[in-house]
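Letter by letter, the chains look like this.
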Amino acid sequence: MEKFRDCYHNQRPATPAPRNYHNRLPATPNPGCCHNRLLDKKRFVEFLKKTIGNRERKRVFVQIPEGLKPELFEIVDAVESLGHECVISLEPCYGACDVRDYEASLLNSDVVLHIGHKKFYRDFPTSIPVIYYPLPIDVEIDGNEIGKIKESKIGLLTTVQHEHQLKEIAELLKSLGKEPVIGGSILGCDTRAAKKIENLVDCFLFIGSGRFHATGIETEKPVYLYDVERRKICAVERERKERINLARMEMLRDSKIVLFLISTKKGQLPQPGTVQQLKEKLEQLGKKVYLVALDEVKNDKLLGIKADFLVNFACPRLSEDKFDLPVLNARYVLERVEKLKT
Ligand code: SF4
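Residues numbered from 1 in each chain as written. Predicted model: local features only at pLDDT ≥ 70, side-chain atom pairs only at ≥ 80, totals over all residues.

(A) Structural detail: the overall build of the protein. Helices and strands together make up the secondary structure of the protein, namely 10 helices and 14 strands. Taking all 342 residues of the protein together, 36% fall into the buried category. Counted over contacts in the protein with a minimum sequence separation of 6, partners at least 24 positions apart contribute 67%. (Helix = DSSP H or I, 4+ residues; strand = E, 2+ residues; numbered from the N terminus. Buried ≥ 20, exposed ≤ 12 C-beta atoms within 10 Å, placed from the backbone. Contact = placed C-beta atoms within 7 Å.)

Here it is, written out as structure tokens:
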């Protein structure tokens, strides 16, 4: 079985692809690829009739992830076929944590249509209604490939795009003599579907098109990825993040100027009270803390700022990105900040 390392953020793919946390699909859908079809137009129009309706003309603000952009005009044409008008957001859209109702309202939109995700697990208010269309995608699973898994009790995980097929995949595994346990869909920041079945399984099988989700599953059990684009299975090797984090805590101990990275994306806003709590604790240790607000957190935006250390309050997976300065997630620091006193 092939192996790959935990490399979502740091390793560039052989063929550069648009970076997209959740929906990495070929820029040009390949007719021979395992995705039989992407947008099921009939199913989508039925969904639109039930959610947006077709009696009153509405302005629909469309958000779509990079990887689904090849479907963009088909999506918009389907919405407009019901008499509505669309405004397309071309800002990056990595997840349902990033709902742009503010921009939508500025442009007098009535509703946000958020493609490729389901409602975020953390609730937040929006100024106009938001409708989520996960865009279910049918994939073909090669039984010979998933039959290579040696363990018998297999926890099944996927993204929201393929969640509707988990029962079918479980049946396929049963026919191969395995004992599948359906976990459900996971996000890069939310792997509770894996946690809830961890004690029932020997390993996890993630069905998806990118490494991002599979490498986010925190478990001691083996994780396999069935890559729906290549129709291949591989074992997911994860580096021990703890060793890196401990080294960074030591760097934080020696740091004088600390930047708190705070994203203005609604689903990535800090938990109430956490910014102040950590700021006070670090100040007690003699550090100077500055709070910086960004929409998308990127290293480029930090160039020229003379800080020693970054504490990330935004998407927890960002700390795996390449930054010039050492970075740790706020939750990790909060849980261990008392140790810096010794
Ligand atoms: S917070 Fe990060 S991992 Fe979670 S949905 Fe948003 S971009 Fe994805």
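Moving on, there is more to tell.
(B) The site of the ligand, seen in detail. Around the ligand, a shell composed of 12 residues is seen, among which Gly-95, Cys-97, Gly-188, Cys-189 and Cys-315 lie nearest. Within the shell around the ligand, the residues separate by chemical class into 6 nonpolar, 5 polar and 1 charged. (Near = placed C-beta within 6 Å. Nonpolar A, V, L, I, M, F, W, Y, C, P; charged D, E, K, R; others polar.)

(C) Looking closely at the nonpolar core. Among the nonpolar cores identified, the biggest contains 68 residues, and Phe-204, Leu-205, Phe-206, Tyr-224, Tyr-226 and Val-311 are the most heavily contacted of them. If we ignore the near neighbours within four places in the chain, the residues touching Val-311 are Val-258, Phe-260, Leu-261, Leu-278, Leu-328, Ala-330 and Val-333. (Core = buried A, V, L, I, M, F, W, Y, C linked by C-beta atoms within 7 Å.)

(D) Geometry of the sheet that holds strand E5 (residues 130–133). Here 4 strands make up an open sheet; going across it, the order is E3-E2-E4-E5 and the pairing parallel. The open sheet is flanked by strand E3 (85–88) and E5, the only strands paired with a single partner. Across the sheet, the mean angle from the axis of one strand to that of its neighbour is 25°, orientation sign disregarded. On the sheet, helix H2 (residues 72–80) packs against strand E2 (59–63), E3 and strand E4 (111–115) and is oriented at approximately 150° with respect to E3. (Pairing = 2+ DSSP bridges. Axes fitted to C-alpha atoms, helices over the stretch in contact; angles between N-to-C directions.)

(E) Quick peek at the packing of helix H1 (residues 41–51) against H2. Close contact between H1 and H2 brings their axes to 10 Å; oriented N to C, the two are set at 45°. Accordingly, the angle class assigned to the pair H1 and H2 is oblique. As H1 runs across H2, the sense of the crossing is right-handed. Judged by residue contacts, Lys-41, Phe-44, Val-45 and Leu-48 of H1 engage Glu-74, Ala-78 and Val-79 from H2. Among the residues forming the contact of H1 with H2, the class breakdown is 5 nonpolar, no polar and 2 charged. (Parallel < 35°, antiparallel > 145°, perpendicular 65-115°, else oblique. Left-handed = near helix turned anticlockwise from the far one by under 90°.)

(F) The arrangement of the environment of Leu-252 in detail. Residue placement: Leu-252 occurs in helix H8 (residues 241–254). Using a count of 22 C-beta atoms within 10 Å as the deciding quantity, one classes Leu-252 as buried. The spacing of Leu-252 and Phe-309 is 57 residues in sequence and 6.4 Å in space, taken between C-alpha atoms. Residue contacts for Leu-252: discarding those within four places in its chain leaves Phe-309, Leu-328, Val-333 and Leu-340.

(G) Looking closely at the sheet that holds strand E11 (residues 257–263). Taken in spatial order, the 4 strands line up as E12-E11-E13-E14 in an open sheet, and their pairing is parallel. Pairing within the sheet leaves two strands with one partner each, and these edge strands are strand E12 (288–294) and strand E14 (327–329). With strand direction ignored, the average angle separating the axes of adjacent strands in the sheet is 25°. Sitting on the sheet, H8 touches strand E13 (309–312) and E14, and the angle it makes with E14 is about 110°.

(H) How the structure looks around the environment of Leu-334. Tracing the backbone through its elements, the reader meets Leu-334 in helix H10 (residues 330–336). Between the alpha carbons of Leu-334 and Lys-281 there is a distance of 8.8 Å; along the sequence they are 53 residues apart. With near-sequence residues (within four places) excluded, Leu-334 lies in contact with Thr-274, Gln-277 and Leu-278.

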